[in-house]
Amino acid sequence: NLTYLLNMAKDINCPAVVMCPMNTSGDYRSPDKKFRDTVKILEELATIFTQYNIIGYIEPLGFKSSSLSSVITAMKAIKEVGYEGYKIVFDTFHHAIGPDSLEKLRNEYDINLTGIIHISAVTTDLFPEEYRDEHRNINFINDKLRSKKQMEYFIKNGYNGIVSFEPFAGALQLLEKEELKYKINRAIDFLNIG
């Protein structure tokens, strides 16, 4: 439960807790109902976050089965709630498979509400709707998500916060330390924006 997580965060001086939406194929609510429910729960949780003085990061998941797949919708919900302790997790994987284009972000999204960027790459030959967490790696040179371009957009438009790798591919977890270090350094060199 949330208070358990917030107490743990407080104990280790962690400034934020990430909240992900429901991701189930059995959710038949309309988009408006999902939005209203999101606003309602964020209003209720704002009181708890205020008591702990910890930021609530909201991470839209781009899957079609997600109850919140759009960073623009998340932004609108935060603005409606009016609580300044909420920020958005922008995840390049979820953006690439979700409903928002970079052009739409340009026209509608407030970058100032971004709390952190999660970045990963996908190199599989599957269709985007088939991408799953286990396909997320750090081979940005062959990245079908175009994560570097997404990250560049944010940085060139004023984002100066944390960019964090978020790969889940099992193959990465099996690498020896030196090979993993090499791959991480190669990814950083490729992503470095001068």
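Summarised in this report is the structure supplied together with it. None of the values given here were measured: they were computed from a predicted structure.

## Description of the nonpolar core
Part 1 of the argument: Among the nonpolar cores identified, the biggest contains 39 residues, and Phe49, Ile58, Tyr86, Ile88, Leu105, Tyr109 and Phe154 are the most heavily contacted of them.
Part 2 of the argument: Here Tyr86 is in contact with Met19, Leu42, Leu45, Ala46, Phe49, Gly56, Ile58, Ile78, Val81 and Leu113, once residues within four sequence places are set aside.
Part 3 of the argument: With eight residues, the next largest nonpolar core counts Ile119, Phe140, Leu172 and Ala187 among its residues.

## Side note on the packing of helix H2 (residues 31-52) against helix H3 (residues 71-81)
Part 1 of the argument: Direction vectors running N to C along H2 and H3 enclose 50 degrees, while the axes themselves pass 9 Å from each other. By the angle between their axes, H2 is oblique relative to H3. In this structure, H2 meets H3 at a crossing whose hand is right-handed. Judged by residue contacts, Phe35, Arg36, Thr38, Val39, Leu42 and Glu43 of H2 engage Thr73, Lys76, Ala77, Glu80 and Val81 from H3.
Part 2 of the argument: The residue makeup of the contact of H2 with H3, split by class, is five nonpolar, two polar and four charged.

## Section: unusual backbone geometry
Leaving glycine out, the prevailing phi sign among residues is negative, and the prevailing peptide bond configuration is trans.
Part 1 of the argument: Of note, the phi angle at Asn13 is positive, near 55 degrees, even though the residue is not glycine.
Part 2 of the argument: Of note, Asn13 is situated in the loop between helix H1 (2-11) and strand S1 (16-19).
Part 3 of the argument: For Asn13, a relative accessible area of 69% gives the class exposed.

## A few points about the packing of aromatic side chains
Where two aromatic rings form a pair, the distance of their centres and the angle of their planes describe that pair.
Part 1 of the argument: Within the structure shown, the criterion is met by eight aromatic pairs.
Part 2 of the argument: Between the aromatic rings of Tyr153 and Phe154, the centroid separation amounts to 5.6 Å while the plane-to-plane angle is 90 degrees, which identifies the pairing as edge-to-face.
Part 3 of the argument: A relative accessible area of 0% means that Phe154 is categorised as buried.
Part 4 of the argument: Grouped by ring-pair contacts, the aromatic residues Phe90, Tyr109, Tyr153, Phe154 and Tyr159 constitute a single cluster.
Part 5 of the argument: For Lys148, the ring lying beneath its charged end belongs to Phe190, and the centroid distance is 4.7 Å.

Scoring rules and cut-offs
- Residues numbered from 1 in each chain as written.
- Predicted model: local features only at pLDDT ≥ 70, side-chain atom pairs only at ≥ 80, totals over all residues.
- Heavy atoms only, no water.
- Core = buried A, V, L, I, M, F, W, Y, C linked by side-chain atoms within 4.5 Å.
- Buried < 20%, exposed > 50% of the residue type's maximum accessible area, 1.4 Å probe, protein only.
- Contact = heavy atoms within 4.5 Å.
- Axes fitted to C-alpha atoms, helices over the stretch in contact; angles between N-to-C directions.
- Helix = DSSP H or I, 4+ residues; strand = E, 2+ residues; numbered from the N terminus.
- Parallel < 35°, antiparallel > 145°, perpendicular 65-115°, else oblique.
- Left-handed = near helix turned anticlockwise from the far one by under 90°.
- Nonpolar A, V, L, I, M, F, W, Y, C, P; charged D, E, K, R; others polar.
- Phe/Tyr/Trp six-rings, centres within 6.5 Å; stacked < 30°, edge-to-face > 60°.
- Lys NZ or Arg CZ within 6 Å of the ring centre and 35° of its normal.

Note that every value here comes from positions in space, so none of it alone points to a role or purpose.
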